[in-house]
Amino acid sequence: MKTFIADIIPRIQRYSQKLDELTKLTNQHWVSLGDIADEKRVFIFRNNNQLLVSINGIVEKGTWEYIGNQSLLLETKNENYLMKNGFLDEDILALKLDSTEVYAFFVNETRHKRN
């Protein structure tokens, strides 16, 4: 399923909103679709560039920064990632690890009110 979605991202990217429209990204609860059966991983991009990553309710703090060119720098305690905008709207976020074909897919929990 993830492979299918990753294959269609380049075709639907023209419908994506720009990552620099930060109001679409910030203060939303973005639930990661990877390994969702094992754990619930929620990413919250706060306005002060603080990144909260909740894994089954246990929160790790990091930082995020929009660095231009549709790119985000995500810093956590253990890793740093350069991510490119794959797709963004009010409901879906797809970020691509720079220089790879690896995507992270998220759904906006805030808009769908699912817990």
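Quick notes on the rules
Residues numbered from 1 in each chain as written. Predicted model: local features only at pLDDT ≥ 70, side-chain atom pairs only at ≥ 80, totals over all residues. Heavy atoms only, no water. Helix = DSSP H or I, 4+ residues; strand = E, 2+ residues; numbered from the N terminus. Buried < 20%, exposed > 50% of the residue type's maximum accessible area, 1.4 Å probe, protein only. Areas by Shrake-Rupley, 256 points an atom, 1.4 Å probe, with all protein chains shown as cover. Core = buried A, V, L, I, M, F, W, Y, C linked by side-chain atoms within 4.5 Å. Salt bridge = Lys/Arg side-chain N within 4 Å of Asp/Glu carboxyl O. Pairing = 2+ DSSP bridges. Axes fitted to C-alpha atoms, helices over the stretch in contact; angles between N-to-C directions.

### Remarks on the overall build of the protein
- When helices and strands are counted, the protein shows two helices and eight strands.
- Walking the protein from its N terminus toward its C terminus, one meets helices and strands in the order α-β-β-β-β-β-β-β-β-α.
- Looking at the protein as a whole, 34% of its 115 residues are labelled buried.
- Here the protein displays about 7200 Å² of accessible surface, and carbon together with sulfur accounts for 50% of that area.

### Side note on the nonpolar core
- By size, the foremost hydrophobic cluster in this structure holds 14 residues, and its most contacted members are Trp30, Phe45 and Leu93.
- Secondary-structure elements contributing two or more residues to this core are strand 2 (41-45), strand 3 (50-55), strand 5 (71-75), strand 6 (80-88) and strand 7 (92-97).

### Focus on unusual backbone geometry
- With a phi close to 55°, asparagine 27 is a non-glycine residue in the positive phi region.
- Structurally, asparagine 27 can be placed in the loop between helix 1 (2-12) and strand 1 (30-32).

### Structural notes on the pattern of salt bridges
- Scanning the model with the defined rule gives four salt bridges in all.
- Of the charged contacts in the structure, one is a salt bridge between lysine 24 and glutamate 90, with a shortest N-O distance of 3.0 Å. Separated by 66 residues along the polypeptide, lysine 24 in the loop between helix 1 and strand 1 and glutamate 90 in the loop between strand 6 and strand 7 bring together distant segments of the chain.
- Look at glutamate 90 and you get partly exposed, because its relative accessible area is 28%.

### Observations regarding the sheet that holds strand 3
- Pairing within the closed barrel is antiparallel, and its eight strands lie in the order 1-2-3-4-5-6-7-8. Pairs of neighbouring strands in the sheet enclose a mean axial angle of 35°, with direction left out of account.
- Across four bridges, strand 4 (residues 58-66) lies against strand 5 in antiparallel orientation. When the bridges of strand 5 are listed, tryptophan 64 appears paired with leucine 74.

### Quick word on the pairing of strand 6
- As defined by bridge partners, strand 5 adjoins strand 6 across five bridges and the pair is classed as antiparallel. Residue pairing for strand 6: glutamate 75 is matched across the bridge by asparagine 80.
- Between the antiparallel neighbours strand 5 and strand 6 lie four residues.
- Following strand 6, the chain reverses through three residues before pairing antiparallel with strand 7.

Geometry only, nothing functional implied.
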